[in-house]
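Chain by chain, the residues:
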Amino acid sequence: MRELHQRQPHRRALITTAALALGAALLGAPAQDAGAATPGAGTLDTGHQSVTWQSPTYATGTVDDPKKCPPLADDPDGRTCDRFDLTVSVPDGYWDDNPEGGVPISIEWAKQPSDDFDMYVYDDAGKQVASSAGTADPEATVIPKANGTYHVVVVPYDVHDNSFVGKAYLPETTDAGNLTSFKGGDGSYEIAAGGLKARADFLKGGRLRLQADPSGSFTDPAGQQIVREQPAADRHTTSFDAGAYYGIRSSAAVLRVYKKPLRFGLYKTDNRTRIWQEDKPLRWSTGGMRQSLERAKDEQFFGGGEQNGSFSHRDKTVYVANNTNWNEGGYPNSQPFYLSSAGYGVYRNTFAPGVYDFGASVHTGQQERRLDAYYFLGDAKQVIGGYTSLVGKPFMPPVYGLEPGDADCYLHNANQGERHTLDSLKVADGYVENQLPLGWMLVNDGYGCGYENLAETAKGLQDRGAQLGLWTQDGIDKLADQVKAGQRVAKLDVAWVGNGYGMALDACDRAKAGIEDNSDARGFVWMPVSWAGAQRCAVLWSGDQKLSWDFIRWQIPTYAGATLSGIAYNTGDVGSIYSHDAKMYARDLQAKTFLPAIMTMDGWAKDITTGQKINQQPWVDGEPYTSVNRKYLQLRERLLPYLYTLAKQAADTGVGGVRPLWLEYPDDPDTLGAQAKYEYLAGDDFLVAPVYQDTETRDGIYLPKGTWTDYWTGKQYEGPTTIDGYHAPIDTLPLFVKSGAIVPMWPEGTTSWKSRDTSRLGWDVYVPDRGHSTYTLYEDDGVTRDFKKGASATQRVTADTGRTGSVIDVGASKGSYAGKVARRAYTFTVHGTGAPDRVTVNGRAVPASDWSYDEKKDVTTVRTASLSTDRAFTVRVDH
């Protein structure tokens with residue numbers, strides 16, 4: 001029997017015939033009569049603040065998906081799937097300023113916390129509105145802004161003689177009262193408003209940590225798992241009484257502590273210019289706390305980690321939690337961090353989910369009854385740098401990690417038929433034969449797909465220029481032996497990241513360490529479902545998606561926006577995982593050409609038109625698609641010196657290479673418009689405007705201030721401007737380069753970092769309209785961790801435009817590392833010079849056979865002899 005408990009005497013909720021029909025429809029069953037079997041039910045309203053229910057005991061797991069639950073009439077006692085109907089009745093506006101943002105609902109095991117129950121919540125229209133389907137105990141989520149009837153389905157996925165207790169409650173709220181105590185000094189201050197205790201700690205680097213807890217004591221559930229080392233205190237502070245508030249002055253800001261009621265505000269050192277200001281006191285609830293801030297007239301908000309389909313959040317509600325909604329609107333790799341155009345960012349130091357409402361009054365609530373917030377000051381890049389200094393800078397990938405990856409299950413793959421692990425080498429041969437770059441391969445997934453001949457497979461891949469990777473469902477403890485056999489890439493899956501949060505971060509850190517502790521390689525880890533700090537150890541990918549034109553569209557702002565939370569490596573499967581279409585695949589690959597990581601997921605897709613199984617390698621569709629895909633993968637390979645330098649910049653600054661236009665042009669409101677949303681910058685030089693519709697024309701390409709050159713035609717545009725009617729046949733990605741760009745490139749035809757011609761390097765130079773531009777190339781051995789000991793080199797290049805021509809100064813390569821070349825020849829492609837009269841290197845005329853001019857594209861190509869990398873030289877193009 002199912003037991004039901006409520007705070008008030010039990011009143012069985014009314015189950016309408018329509019609701020019964022819905023519940024049956026969710027489970028694929030015919031509608032039931034009102035007198036047929038019904039699930040347990042409970043109500044949350046002003047008279048009923050909480051509900052609990054007890055599930056049956058399950059001897060073993062039953063099914064792995066709610067769609068596989070039998071009809072309700074065939075499972076009236078919930079012996080296969082547990083069902084519970086929850087009715088929520090609250091007044092309009094009840095959730096508008098509630099810290100938890102909805103009804104918290106959870107299921108907690110009676111015993112054996114290693115068991116796995118998964119919970120799904122549907123509204124009365126049959127739409128899934130919440131879920132918790134990891135391996136956590138308890139499984140917990142929130143029904144956002146709940147009002148109406150909801151249908152809870154719990155699947156006993158992996159269970160051993162176990163049951164659970166389900167709980168849901170209606171959060172009650174309390175606001176902070178008047179200030180009752182203020183004391184402190186030397187950078188640390190204690191504040192009280194009755195039972196609420198708060199603490200303000202000023203930290204080096206202009207940072208502030210603000211804590212508050214109505215219990216009267218401070219806790220730190222995250223411990224050192226996210227913030228591994230606390231920043232040093234800034235003890236040079238003073239306080240003063242301004243009547244209505246106490247002020248605390250540091251070298252970076254003034255914190256106001258208002259007295260009636262207790263509120264906080266942060267101002268610049270003049271104590272007049274607002275950075276942020278609470279418009280209401282802190283509010284806490286049964287299990288949450290929120291901060292409420294005034295919103296400035298034009299203030300914009302970004303961050304929240306990976307928010308699928310969005311990068312700018314003004315007037316939006318952002319959910320900061322982990323879910324497995326891989327599509328638009330999902331947030332599987334979210335982070336409790338946001339930044340504001342007002343010159344600050346804030347990180348909530350917690351593993352608890354949150355709801356951030358960036359409306360007319362900004363409400364940021366976390367589902368824990370405490371506030372623990374770190375504030376960072378400065379422009380967006382400075383804030384990202386401060387945040388990642390706290391939780392971990394993005395990791396430095398191996399160079400092969402920036403090359404394309406290929407993933408499939410080879411041994412015991414029901415989708416592919418009987419194969420063996422060594423069959424992966426045949427697929428690797430396909431990349432070589434089709435002249436397509438390949439940096440690494442994942443050859444198993446752990447879900448019934450094991451491996452054999454691991455060392456032999458690793459050696460075979462290395463002979464073909466690729467590195468061995470393995471999925472791991474449950475095998476982090478096996479990494480040591482696998483790495484010694486040649487594994488260099490680890491992909492974590494849902495079983496190892498659980499429901500995200502602490503378990504995910506622990507798995508990420510352990511997987512990276514597992515590679516590095518057993519080899520001289522750099523850890524290279526992929527994972528879905530993560531939390532703050534994951535940027536220090538993994539590439540985050542947005543999960544298992546189906547292919548559509550919308551799939552291509554919404555990923556553009558997703559990955560660019562993730563950069564604003566310090567996530568430098570965020571990507572998705574090329575062409576999705578479950579569906580395939582030649583044209584969409586090619587367009588999606590183009591869109592991902594400039595992302596910092598790129599992978600195809602094979603073995604699970606069906607052709608959209610025929611319904612037949614098809615793999616996802618970039619040659620499977622034949623011509624013209626093979627040539628189109630080769631064009632962009634080889635372009636990416638040529639650009640690896642540029643992308644690798646962006647990776648080093650991310651490791652140093654926290655700012656990734658893929659960026660929304662706003663990050664580089666924050667004073668241009670059009671960078672927040674609908675058109676700019678679906679394009680991105682790679683570094684600050686390339687503007688990428690992917691085609692995400694079934695068309696050969698791209699409209700609405702926004703180019704911000706400056707001169708921009710069409711990468712393919714050489715045509716120049718003066719921004720700000722919007723381009724409509726851009727001709728983009730299937731082989732053309734709309735791509736523009738900013739005036740002043742200096743881009744290092746490997747030689748044409750390069751397909752692998754291992755086999756590239758290291759005796760040659762290209763410089764693609766877009767001479768500035770006036771003045772000069774600079775670029776610094778970063779190089780190291782690409783694979784070991786010796787760069788941490790200083791084994792690296794940099795080479796600075798400047799370009800100047802004068803009255804008589806263009807001057808390119810190439811500095812000496814400074815530093816050393818294993819494999820650094822002593823000499824190399826250079827090829828310069830110099831754009832926008834006009835027809836040259838004379839070309840010189842170090843004042844000596846270059847023979848006519850070593851330079852040429854393309855009048856149509858206005859490009860001068862100059863080839864030098866082999867030159868010492870330890871010496872500077874100058875190239876002049878005079879006209």
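These numbers were taken from a predicted model, which means no experiment stands behind them.

Remarks on the sheet that holds strand S26 (residues 317–320)
Strand pairs in the sheet, formed through backbone hydrogen bonds, run parallel or antiparallel to each other.
Logical step 1: Pairing in this open sheet of six strands is antiparallel, and the strands run S13-S23-S24-S30-S29-S26 from one edge to the other. Two strands in the sheet have a free side with no partner beyond their single neighbour: strand S13 (173–175) and S26. Between one strand and the next, the sheet's axes are offset by a mean angle of 20 degrees, whatever the strand orientation.
Logical step 2: Pairing between S13 and strand S23 (residues 283–285): three bridges, direction antiparallel.

Observations regarding the pattern of salt bridges
Logical step 1: A complete count under the given rule lists 38 salt bridges for this structure.
Logical step 2: Between Glu368 and Arg370 there is a salt bridge; the shortest N-O distance is 2.8 Å.
Logical step 3: Among the ionic pairs, Lys426 bridges to Asp423, the shortest N-O distance being 3.2 Å.
Logical step 4: When salt bridges with common partners are traced through the structure, they connect Asp97, Asp175, Lys280, Arg283 and Arg290 into a single cluster.

Thoughts on the sheet that holds strand S14 (residues 181–185)
Logical step 1: With respect to topology, eight strands assemble into an open sheet ordered S14-S15-S16-S17-S31-S28-S27-S25, the strand pairing being antiparallel. Single-partner strands in this sheet number two, and they are S14 and strand S25 (301–305). For this sheet the average axis-to-axis angle between neighbouring strands, irrespective of direction, equals 15 degrees.
Logical step 2: This element, helix H2 (residues 380–391), spans strand S17 (207–213), strand S27 (334–340), strand S28 (344–348) and strand S31 (371–377) of the sheet and lies at about 135 degrees to S31.

A few points about the pairing of strand S6 (residues 102–109)
Logical step 1: Burial within S6 is extensive, with seven of its eight residues counted as buried.
Logical step 2: Note that S6 and strand S9 (residues 139–144) share six bridges and pair antiparallel. Its bridge partner lying in S9, Ile107 is registered against Glu139.
Logical step 3: Where S6 lies against strand S12 (residues 164–169), five bridges are found, and the strand directions are antiparallel. Its bridge partner being in S12, Glu108 is matched across the sheet by Val165.

What about the side chain of His363?
Logical step 1: Assignment of secondary structure puts His363 in strand S30 (residues 361–366).
Logical step 2: Since its relative accessible area comes to 10%, His363 is described here as buried.
Logical step 3: With sequence-adjacent residues up to four places away left out, His363 is seen in contact with Asp96, Asp97, Lys280, Arg290, Gln291, Ser292, Val355, Tyr356 and Asp357.

Some details on helix H11 (residues 640–653)
Since the α-helix packs 3.6 residues into each turn, any two residues three or four apart lie on the same face.
Logical step 1: Along its 14 residues, H11 runs 19 Å from first to last C-alpha, staying within 8% of the 20 Å computed at 1.5 Å per residue.
Logical step 2: Burial runs high along H11: 11 of the 14 residues are buried.
Logical step 3: Of the surrounding elements, those touching the buried residues of H11 are helix H10 (625–638), strand S43 (658–659), strand S44 (680–682), strand S45 (686–688), strand S51 (742–745) and strand S53 (772–779).
Logical step 4: Of the residues flanking the end of H11, it is Gly654, one or two places downstream, whose phi is positive at about 90 degrees.

A few points about H2
Logical step 1: Counted at 1.5 Å a residue, the expected span for H2 with its 12 residues is 16 Å, and the 17 Å between its end C-alpha atoms agrees.
Logical step 2: All buried positions along H2 are accounted for by Ala380, Val383, Ile384, Gly385, Gly386, Tyr387, Thr388, Leu390 and Val391.
Logical step 3: Elements in contact with the buried residues of H2: S17, S27, S28, S31, H11 and helix H12 (661–664).
Logical step 4: Among the residues of H2, the N-terminal cap falls to Asp379, whose side-chain oxygen and the backbone nitrogen of Lys381 are separated by 3.2 Å.
Logical step 5: Gly392 sits one or two residues past H2 and shows a positive phi near 125 degrees.

Considerations on the packing of helix H9 (residues 582–591) against H10
Logical step 1: Look at H9 against H10: their axes get within 10 Å of each other, and the N-to-C directions meet at 10 degrees. Taken together, the axes of H9 and H10 are roughly parallel relative to one another. Counted together, Ala582, Lys583, Tyr585, Ala586, Leu589 and Gln590 of H9 and Tyr625, Val628, Asn629, Tyr632 and Leu633 of H10 form the full contact between these two elements.
Logical step 2: Looking at the contact of H9 with H10, its residues break down into eight nonpolar, two polar and one charged.

Looking at the packing of aromatic side chains
Logical step 1: Following the criterion strictly, the structure yields 47 aromatic pairs and no others.
Logical step 2: Of the aromatic side chains, those joined through ring pairs into one cluster are Phe594, Tyr632, Tyr642, Phe686, Tyr711, Trp712, Trp763 and Tyr775.
Logical step 3: Lys259 extends its terminal NZ or CZ atom over the ring of Tyr246, reaching a point 4.5 Å from the ring centre.
Logical step 4: Across the ring face of Tyr778, the terminal group of Lys648 is positioned such that the distance to the ring centre comes to 5.1 Å.

The rules behind each value
- Residues numbered from 1 in each chain as written.
- Predicted model: local features only at pLDDT ≥ 70, side-chain atom pairs only at ≥ 80, totals over all residues.
- Heavy atoms only, no water.
- Pairing = 2+ DSSP bridges.
- Helix = DSSP H or I, 4+ residues; strand = E, 2+ residues; numbered from the N terminus.
- Axes fitted to C-alpha atoms, helices over the stretch in contact; angles between N-to-C directions.
- Salt bridge = Lys/Arg side-chain N within 4 Å of Asp/Glu carboxyl O.
- Contact = heavy atoms within 4.5 Å.
- Buried < 20%, exposed > 50% of the residue type's maximum accessible area, 1.4 Å probe, protein only.
- Expected span 1.5 Å × (residues − 1).
- Polar contact = N/O pair within 3.5 Å; in protein donor to acceptor, adjacent residues only side chain to side chain.
- Parallel < 35°, antiparallel > 145°, perpendicular 65-115°, else oblique.
- Nonpolar A, V, L, I, M, F, W, Y, C, P; charged D, E, K, R; others polar.
- Phe/Tyr/Trp six-rings, centres within 6.5 Å; stacked < 30°, edge-to-face > 60°.
- Lys NZ or Arg CZ within 6 Å of the ring centre and 35° of its normal.

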